[in-house]
Amino acid sequence: QVQLVESGGGLVQPGGSLRLSCAASRSAFNIYAMGWYRQAPGKQRELVASITSGGTTNYADSAKGRFTISRDNAKNTVYLQMNSLKPEDTAVYFCSINFGRSWGQGTQVTVSS
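Thresholds, definitions, all that
- Residues numbered from 1 in each chain as written.
- Predicted model: local features only at pLDDT ≥ 70, side-chain atom pairs only at ≥ 80, totals over all residues.
- Heavy atoms only, no water.
- Helix = DSSP H or I, 4+ residues; strand = E, 2+ residues; numbered from the N terminus.
- Buried < 20%, exposed > 50% of the residue type's maximum accessible area, 1.4 Å probe, protein only.
- Polar contact = N/O pair within 3.5 Å; in protein donor to acceptor, adjacent residues only side chain to side chain.
- Pairing = 2+ DSSP bridges.
- Disulfide = S-S within 2.5 Å.
- Axes fitted to C-alpha atoms, helices over the stretch in contact; angles between N-to-C directions.
- Core = buried A, V, L, I, M, F, W, Y, C linked by side-chain atoms within 4.5 Å.
- Contact = heavy atoms within 4.5 Å.
- Phe/Tyr/Trp six-rings, centres within 6.5 Å; stacked < 30°, edge-to-face > 60°.
- Lys NZ or Arg CZ within 6 Å of the ring centre and 35° of its normal.

By the element assignment, Thr77 lies in strand β8 (residues 77-82). With a relative accessible area of 9%, Thr77 lands in the buried category. Polar side-chain contacts of Thr77 include one of 2.8 Å to the backbone oxygen of Lys75.

See the structure below:
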């Protein structure tokens, strides 16, 4: 079973930046699509960004223009660069492989002054 470990969350001021990382345990990482999801209190978990094995990316409207998803297959790692952060971005962010095949434990992102 694939193990996923997220890191990089924390407290940041509005307008600031964070880079989230998700490390996968298996060498076959490169053949799967990867995604970042988030869930805020009282809200459904939503897909923020995804990247296919071929490098094609997609973003939620709320993230487009501010967030960038990327992957380093040699390191079995996917990243989410988050710029121009807003309080509305506050949530637990989860990494997923193959559209829900496995999930990480989540990392908290809090955007507040």
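Before going further, it helps to spend a moment on the pairing of strand β9 (residues 91-97). Counting buried residues in β9 gives six out of seven residues, a clear majority hidden from the surface. Examined bridge by bridge, strand β4 (residues 34-39) and β9 share six bridges and lie antiparallel to one another. Among the inter-strand pairings, Trp36 is bridged to a residue of β9, identified as Cys95. Judged from the three bridges that link them, β9 and strand β11 (residues 107-111) form a sheet pairing that is antiparallel.

The next point concerns the state of the cysteines. Such a bond, covalent and formed between the sulfur atoms of two cysteines, is termed a disulfide. A complete count under the given rule lists one disulfide for this structure. Paired by a disulfide, Cys22 and Cys95 hold their sulfur atoms 2.1 Å apart. Given an S-S torsion of about -80°, the disulfide between Cys22 and Cys95 has left-handed geometry. Pair noted here: Cys22 is in strand β3 (residues 18-24) and Cys95 is in strand β9, with a separation of 73 residues, a long-range link. By relative accessible area, Cys22 is classed as buried at 0%.

Next up on the list: the sheet that holds β3. In space, the four strands of this open sheet follow the order β1-β3-β8-β7, with antiparallel pairing throughout. Only two strands of the sheet have a single neighbouring strand rather than two, namely β1 (4-7) and β7 (67-72). Averaged over all pairs of adjacent strands, the angle between strand axes in this sheet comes to 15°, irrespective of strand direction.

Once that is clear, we can look at the nonpolar core. Ranked by internal contacts, the top residues of the largest apolar core, which has 28 residues, are Met34, Trp36, Val78, Leu80 and Tyr93. Among the elements of the structure, β3, β4, β5 (46-51), β7, β8, β9 and β11 are those that each provide at least two residues to this core. Here Met34 is in contact with Leu4, Cys22, Phe29, Ala49, Ser50, Ile51, Ile69, Arg71, Val78, Cys95, Ser96 and Ile97, once residues within four sequence places are set aside.

On to the packing of aromatic side chains, then. Evaluation of the coordinates by the stated rule reveals one aromatic pair. Between Tyr37 and Trp103 the ring centres are 4.8 Å apart and the planes differ by 65°, which places this aromatic pair in the edge-to-face class. A residue pair is termed long-range when its members are at least 10 positions apart, and Tyr37 in strand β4 and Trp103 in strand β10 (residues 102-103) qualify at 66 residues. Overall, the relative accessible area of 36% leaves Trp103 in the partly exposed class. A cation over a ring is seen here: Arg45 above Trp103, with NZ or CZ 4.8 Å from the ring centre.

It is worth stressing that arrangement in space is one thing and function is another; only the former is reported here.
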